[in-house]
Amino acid sequence: IYRGSTVPMLEDALKYASLYNLGVTIEFASLQNWTDDDTTNVLALCDRYGVTDNLIVIDPTGLDITFLRKCVAHNSKISAYVGAIPAWWTDANIDRVNALKTGENKIYVQVYPWGSLPTDNFIRVAKTNDWCLYNSTPMTISALLNLQLFSRGFTLIEANNVYMVKDTVRNWADSLVTFNQ
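So, a few notes on the structure that sits alongside this text. Quantities reported herein were computed from a predicted structural model and do not represent experimental measurements. (Residues numbered from 1 in each chain as written. Predicted model: local features only at pLDDT ≥ 70, side-chain atom pairs only at ≥ 80, totals over all residues. Heavy atoms only, no water.)

### Comments concerning the sheet that holds strand β5 (residues 132-135)
- If you walk across this open sheet you meet the six strands as β1-β2-β3-β4-β5-β6, and the pairing is parallel. The sheet terminates laterally at β1 (24-27) and β6 (154-157), the two strands that pair on one side only. Across this sheet, the average inter-strand angle for adjacent strands is 30°, counted without regard to direction.
- As judged from the three bridges shared by β5 and β6, these two strands associate in the parallel manner. Residue pairing for β6: L133 is matched across the bridge by F154.
- Where helix α3 (residues 65-74) meets the sheet, its contacts fall on β2 (55-58) and β3 (79-84), and the angle it forms with β3 comes to roughly 170°. (Pairing = 2+ DSSP bridges. Helix = DSSP H or I, 4+ residues; strand = E, 2+ residues; numbered from the N terminus. Axes fitted to C-alpha atoms, helices over the stretch in contact; angles between N-to-C directions. Contact = heavy atoms within 4.5 Å.)

Here is the structure:
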């Protein structure tokens, strides 16, 4: 959050995302005492502002497949995020993650512990299963502008505390490339 700004209510954030044609990621901090009606109400609010077709849902653990299944069942275009330590990605769990696929959504995956980069093997597993590699670790410009992030197969890099993210990365990338004129 930038100095002087306030935290918007979910409805306000969805309204502005709609106005600016932005995709939305909702990361639930807790599902304790959460009901199916709560899930229905949040997704109905997303429907009201037309963001459901470009929505990524993240549950508090990164592994609540049952919760993610409810979201995907609401709209087949809702994408799901799953994050886990390397040992979790067994054949049985890969099948559980693949069961979230609808043919219209994306499955975003990240290796834990938070801050880890995917191994070459995990990149192969993700690509074999048509998953999108996700990274949410950059919290500063210097952490974002790291060539290693751009060589680990990420489809989506979430950056916090970086003003004008796309312009920042674009200008940095331009500085690395020599253009023949």
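### Remarks on the pairing of strand β4 (residues 107-111)
- Most of β4 is tucked away, with five of its five residues classed as buried.
- Covered by surrounding structure in β4 are I107, V109 and V111 together with Y108 and Q110, the residues of both alternating faces.
- Two strands pair when backbone bridges link them, and β3 and β4 are joined in this way by five bridges, in the parallel orientation. Paired with A84 across the two strands is V111, which belongs to β4.
- With helix α4 (residues 91-98) bridging β3 and the parallel β4, this β-α-β connection has right-handed handedness.
- Where β4 and β5 come together, two bridges link them in parallel fashion. Its bridge partner lying in β5, Y108 is registered against C132.
- Note that the unit made of β4, helix α5 (residues 120-128) and β5 has a crossover that is right-handed. (Buried < 20%, exposed > 50% of the residue type's maximum accessible area, 1.4 Å probe, protein only. Right-handed = clockwise from strand over helix to strand, strands pointing away.)

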